[in-house]
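# Observations on the model geometry
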Amino acid sequence: RRERALQVQIIRFAGNRRMVLSRDISKLQRLENMRRDFVANVSHEMRTPLTVVGGFLETLIDGLDDFSRDEVLHFLSLAHEQSSRMRHLIEDLLALSALETGAPAPLEEGVDVPALMQTVRREAESLSAGRHTVTLVLEGGGGLRGSARELHSAFSNLASNAVRYTPAGGHVELGWRVDAEGGEYWVRDDGIGIDPEHIPRLTERFYRVDRGRSRETGGTGLGLAIVKHILNRHQAVLRVDSEPGKGSRFSMRFPPARIGDES
Ligand code: ADP
């Protein structure tokens, strides 16, 4: 049970009359706590790569002549990696805030799903760099009505997670099916899988099952939070089925009203 927070205000009138106003501010307080956690998380996420970059620069400043050209290059490329991480984090934060507060993108564009999936497949293959096989399954053509940019982002997010959480030699399947109940996009992998207790929390900002692994693969912990927002805006539902050590299947279901012609 959640505790309730009440704000009570007593207004006195002439004579001995009083009016008592009470307002339930539990929700305000919860929002305030969420905001505070969010700021703490963002600061922490930014500080880690900055510390690494700062450390490398300091080492170089203190003893540039002590290092060979190759060693200097090694430091610089590690620093470069960290700066890309910070850039990704900022891009994801901006995407989230645009989804939450910005002007809504048009949700009435016609998106050719099979063409989008070819693009997503190429992106996944490039991220995998030959370490996985990526296959496409198309059951029925069809298009989606929505924001092309947002749908691309949501589709890519699931595909890149599948590659990132599947060891080399694994298989990633991207699928699209249209039936009487609407359209379903799915991504199946035979990767590390997810323990059931984590599944309900995956779309929270910065929630990761394994922080180290997410970092190693360039994760920001914001991908699925962004996906969830995009799906809400398109009246779509995210579903996750997973078994640790066996793999996962992430899918998004779009209602019939969102299915249209390919154009
Ligand atoms: P991240 O940037 O950390 O990948 P996401 O929001 O995209 O953030 O995902 C949240 C967490 O969900 C990940 O850190 C990872 O633990 C888990 N996860 C997401 N997709 C998969 C997958 N296909 N297989 C296993 N774990 C996954």
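Criteria and cut-off values
- Residues numbered from 1 in each chain as written.
- Predicted model: local features only at pLDDT ≥ 70, side-chain atom pairs only at ≥ 80, totals over all residues.
- Heavy atoms only, no water.
- Salt bridge = Lys/Arg side-chain N within 4 Å of Asp/Glu carboxyl O.
- Helix = DSSP H or I, 4+ residues; strand = E, 2+ residues; numbered from the N terminus.
- Buried < 20%, exposed > 50% of the residue type's maximum accessible area, 1.4 Å probe, protein only.
- Expected span 1.5 Å × (residues − 1).
- Polar contact = N/O pair within 3.5 Å; in protein donor to acceptor, adjacent residues only side chain to side chain.
- Contact = heavy atoms within 4.5 Å.
- Axes fitted to C-alpha atoms, helices over the stretch in contact; angles between N-to-C directions.
- Parallel < 35°, antiparallel > 145°, perpendicular 65-115°, else oblique.
- Left-handed = near helix turned anticlockwise from the far one by under 90°.
- Nonpolar A, V, L, I, M, F, W, Y, C, P; charged D, E, K, R; others polar.
- Near = heavy atom within 4 Å.
- Areas by Shrake-Rupley, 256 points an atom, 1.4 Å probe, with all protein chains shown as cover.
- Pairing = 2+ DSSP bridges.
- Core = buried A, V, L, I, M, F, W, Y, C linked by side-chain atoms within 4.5 Å.
- Phe/Tyr/Trp six-rings, centres within 6.5 Å; stacked < 30°, edge-to-face > 60°.

### Side note on the pattern of salt bridges
A pair can form between side chains of opposite charge whenever their charged atoms are brought close. Under the counting rule described, the total for this entry stands at 17 salt bridges. The salt bridge partner of Arg-211 is Glu-45, with a shortest N-O separation of 3.0 Å. Of this pair, Arg-211 sits in helix H5 (residues 211-216) while Glu-45 is found in helix H1 (residues 26-63), placing the two residues 166 residues apart along the sequence. Of the residues examined, Arg-211 reaches a relative accessible area of 34% and is grouped as partly exposed.

### Notes on H1
Helix length check: H1 (38 residues) gives 55 Å between terminal C-alpha atoms against 56 Å at 1.5 Å per residue, within 8%. Those residues of H1 not exposed but buried are Ser-26, Val-42, Glu-45, Pro-49, Val-53, Phe-56, Leu-60 and Gly-63.

### Examining the side chain of Arg-249
On the secondary structure map, Arg-249 appears in strand S9 (residues 247-254). Among the polar contacts made by the side chain of Arg-249, one reaches the side chain of Glu-184 at a distance of 3.4 Å. Leaving out residues up to four positions away in the same chain, Arg-249 has contacts with Arg-177, Glu-184, Trp-186, Val-187, Arg-188, Arg-239, Val-240 and Asp-241.

### Focus on the packing of helix H2 (residues 69-101) against helix H6 (residues 223-233)
Close contact between H2 and H6 brings their axes to 10 Å; oriented N to C, the two are set at 25°. Classified by the interaxial angle, the pair formed by H2 and H6 is roughly parallel. Here H2 runs over H6; the crossing is left-handed. For the pair formed by H2 and H6, the contact residues are Asp-92, Ala-95, Leu-96, Leu-99 and Glu-100 on the first element and Ala-225, Ile-226, His-229, Ile-230 and Arg-233 on the second. Among the residues forming the contact of H2 with H6, the class breakdown is six nonpolar, one polar and three charged.

### Considering the site of the ligand
Tyr-165, Ser-214, Thr-220, Gly-221 and Leu-224 are the nearest of the 21 residues found near the ligand. Contact between the ligand and Val-209: an oxygen atom at 3.1 Å from a main-chain N or O atom of the residue. The side chain of Ser-214 places a nitrogen or oxygen atom 2.6 Å from an oxygen atom of the ligand. Protein chains bury 98% of the 530 Å² of accessible surface belonging to the ligand in isolation.

### Looking at the sheet that holds strand S4 (residues 133-139)
Pairing is mixed across the open sheet formed by five strands, whose spatial order is S4-S6-S7-S9-S8. A strand with exactly one partner marks an edge of an open sheet, and here the two such strands are S4 and strand S8 (237-243). With direction set aside, neighbouring strand axes in the sheet form an average angle of 10°. Relative to strand S6 (residues 171-179), S4 is paired through seven bridges, and the arrangement is parallel. Counterpart to Leu-136 in the pairing with S6 is Leu-174. Along the sheet face, helix H3 (residues 113-128) touches S4, S6 and strand S7 (182-189) and points at about 170° away from the line of S4. Lying on the sheet, helix H4 (residues 148-164) is in contact with S6, S7, S8 and S9; it crosses S7 at an angle near 25°.

### Quick notes on the nonpolar core
Among the nonpolar cores identified, the biggest contains 41 residues, and Leu-144, Phe-155, Leu-158, Leu-174, Tyr-185, Met-252 and Phe-254 are the most heavily contacted of them. Elements that contribute at least two residues to this core include exactly H2, H3, H4, S6, S7, H6 and S9. Per element, the largest residue contribution to this core is seven residues, and it comes from H4. Once you skip the residues sitting within four places of it in the chain, Leu-174 turns out to touch Met-117, Val-120, Arg-121, Val-134, Thr-135, Leu-136, Val-137, Ala-159, Tyr-185, Trp-186 and Val-187. Among the nonpolar cores identified, the runner-up in size contains seven residues, and Val-53, Phe-56, Val-72 and Met-86 belong to it.

### What about the packing of aromatic side chains?
One pair of aromatic rings is described through two measures. These are the centre distance and the angle between the planes. A complete count under the given rule lists six aromatic pairs for this structure. Measuring from centroid to centroid gives 6.0 Å for Phe-38 and Phe-206, while their planes differ by 35°, and the two rings are tilted. Here Phe-38, found in helix H1, pairs with Phe-206, found in the loop between S7 and H5; they are 168 residues apart in sequence, far enough to count as distant. Its relative accessible area of 22% is what places Phe-38 among the partly exposed residues. On the basis of relative accessible area, Phe-206 is assigned to the buried category, the value being 4%. Ring centres of Phe-67 and Phe-75 lie 5.3 Å apart, and the angle between their planes is 90°; this geometry places the pair in the edge-to-face category.

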